[in-house]
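Next come the chains, spelled out residue by residue.
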Amino acid sequence: MSHGPRSGLAAVSSALLAMSRHLEVRDVLKTIVASARELLDAQYAALGVPDDHGGFAQFVVDGVSEEQWKAIGPLPRQHGILAAMLHEAKAERLADVRKDPRFEGWPSTHPDLVDFLGLPIRDGDEVIGALFLANKLRPVGGHPPHPPCPKPEGSCGFTQDDEELLGILAQHAAIALTNARLYERSRELTIAEERSRLAHELHDAVSQKLFSLRLTAQAAARLVDRDPSRAKGELQQVAALAAEAADELRAAVVELRPAALDEDGLVATLRTQIQVLDRAHSARVTFAGRGVKALPASQEEAVLRVAQEALHNALRHSGADHVDVTLDRRGSGAVLRVTDDGSGFDPQAVRRAGRHLGLVSMRDRASGAGGTMTVESSPGKGTTIEMEVPGG
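Residues numbered from 1 in each chain as written. Predicted model: local features only at pLDDT ≥ 70, side-chain atom pairs only at ≥ 80, totals over all residues. Heavy atoms only, no water.

This paragraph deals with the environment of V389. Relative to the elements of secondary structure, V389 occurs in strand β10 (residues 383–389). Among all residues touching V389, those that are not within four sequence positions of it are L295, V303, G333, A334, A369 and G371. (Helix = DSSP H or I, 4+ residues; strand = E, 2+ residues; numbered from the N terminus. Contact = heavy atoms within 4.5 Å.)

Take a look at the structure:
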């Protein structure tokens, strides 16, 4: 195969690798379109993902400027040649798309398309997109862009080889697009589950605090005239309950923020969250990370979640003045240690304390990541939670 300045298997391989590199659907679509346009020397390329209402949920173009695209207007409908590709699920190679009987025109600001090559993108029997190219170009000194390729009257500038190459791209585009969709659905499910869990926590903790706050404020109002000293005590309790409710909300908001593990890594993410907690609570919260390398994604998430749960316990239940978090390298893995100087508890009372402090879920997270977790505590002596995970 020889298709312009980036010819041969190396160019094809580069395009296919680029498709599989992205996880966001929009990024995958843009990569597919840019790769197809470059490999097949086309002036324009586009890819549409149909919706269920006769239009396109997404439509990505390459070769058209942002200003031109805005001037063209709304996304196209599924009609004419686009409808044929989606519903008849076959390749379309035309010498002049404007002369095809199915052509239904385009907006006045739309660029002129002449020769045309289009293919459906299929996932099994389902057509999940339409990929097309327009205006075959010819090299000038090997540097694109080039003027349209001269061709015999009535023939298409795109060849059978072009069609076969676009077919290969379409097959890999289907895989890349399906993987990106699965990734986004998985992420949406994770977010939904996390929001559901936080909603339960807010209902169980914050709403109860606010209910107590309201009752205490009502009691204070009744006592203001007949027993001012008792009313003062009730108002002090109102202030304490309000502070506790504010702490609950701060903790929930911090955890609701998506941990930027992909962008910042585990150490930076932990450091940022602990700095926020240190500012939000009266206890001193510190962090040290020493020599830790990047871990597999599942292990980094498990370490982060265990650290969050352990910090939540120390700040909410232990009455600690100091909470110290360390993350150290151990072999190719890492060791997390969360230590507080709070009230502690009896680890033997596993059935009661384990569920109250979330120790069961923390152990499940540790074992799910191939790691281990230990708890050291005694009444009045504080608590240390240690979690070790192996490297990749």
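Let's shift gears to the sheet that holds strand β8 (residues 333–340). Strand order in this open sheet of 5 strands is β6-β7-β8-β10-β9, and the pairing throughout is mixed. Each of the sheet's edge strands pairs with one partner strand only, and the pair in question is β6 (284–290) and β9 (372–377). The mean inter-strand angle of the sheet, taken between neighbouring strand axes irrespective of direction, is 10°. Packed onto the sheet, helix α8 (residues 297–316) meets β6, β7 (322–330), β8, β9 and β10 and runs at close to 5° relative to β8. Its contacts with the sheet place helix α10 (residues 359–368) against β9 and β10, and it is angled at close to 145° to β9. (Pairing = 2+ DSSP bridges. Axes fitted to C-alpha atoms, helices over the stretch in contact; angles between N-to-C directions.)

A word on the sheet that holds strand β2 (residues 56–62). Pairing in this open sheet of 5 strands is antiparallel, and the strands run β2-β1-β5-β4-β3 from one edge to the other. Of all strands in the sheet, those bounded by a partner on one side alone are β2 and β3 (92–94). Direction aside, the axes of adjacent strands within the sheet are offset by 15° on average. One ladder, built from 6 bridges, connects strand β1 (residues 42–50) with β2; its direction is antiparallel. By the bridge assignment for β2, L47 is matched with V60. Taken strand by strand, helix α2 (residues 25–39) contacts β1, β2 and β5 (126–136), and its axis lies near 40° from that of β2. With respect to the sheet, helix α4 (residues 80–87) is in contact with β1, β2, β3, β4 (116–123) and β5, its orientation differing from that of β5 by roughly 140°.

Next up on the list: the packing of aromatic side chains. The full count for this structure, using the stated rule, is 5 aromatic pairs. Here F116 and F132 contribute two aromatic rings whose centre-to-centre distance is 5.3 Å and whose plane-to-plane angle is 25°, an arrangement assigned as stacked. Of this pair, F116 sits in strand β4 while F132 is found in strand β5, placing the two residues 16 residues apart along the sequence. F132 carries the same exposure label as F116, and that label is buried. Three or more aromatic residues joined by ring pairs form one cluster here, namely F56, F59, W69, F116 and F132. (Phe/Tyr/Trp six-rings, centres within 6.5 Å; stacked < 30°, edge-to-face > 60°. Buried < 20%, exposed > 50% of the residue type's maximum accessible area, 1.4 Å probe, protein only.)

Among the 8 residues in α4, 7 count as buried, and that is most of the element. At its buried positions, α4 is contacted by β1, β2, β3, β4 and β5. Among the residues trailing α4, A89 stands out with phi positive, at a value near 55°.

Phi is positive for D41, which is not a glycine, with a value near 50°. Position of D41 among the secondary structure elements: in the loop between α2 and β1. Overall, the relative accessible area of 8% leaves D41 in the buried class. For N135, which is not glycine, the phi dihedral falls at a positive 65°. Within the secondary structure layout, N135 lies in strand β5.

Mean pLDDT over the protein works out to 80, with 79% of the residues at or above the 70 mark. When the criterion is pLDDT under 50, residues 1–7 qualifies, and its contacts beyond four places in sequence or with other chains add up to 20 contacts. In this model, residues 139–144 is a region of pLDDT below 50 whose contacts with residues beyond four sequence positions or in other chains number 5 contacts. (pLDDT = per-residue confidence, 0-100.)

Another point: the pattern of salt bridges. Should their charged atoms come close, side chains of opposite charge can pair. Under the counting rule described, the total for this entry stands at 12 salt bridges. The closest approach of N and O atoms between R93 and E163, which form a salt bridge, is 3.0 Å. With R93 in strand β3 and E163 in helix α5 (residues 160–223), this residue pair connects regions lying 70 residues apart in the sequence. Overall, the relative accessible area of 33% leaves R93 in the partly exposed class. Here D96 and R98 are joined by a salt bridge, their closest N and O atoms 3.0 Å apart. Of the residues examined, D96 reaches a relative accessible area of 14% and is grouped as buried. Each of R290, D328, R337 and E386 takes part in salt bridges that share partners, so that together they form one network. (Salt bridge = Lys/Arg side-chain N within 4 Å of Asp/Glu carboxyl O.)

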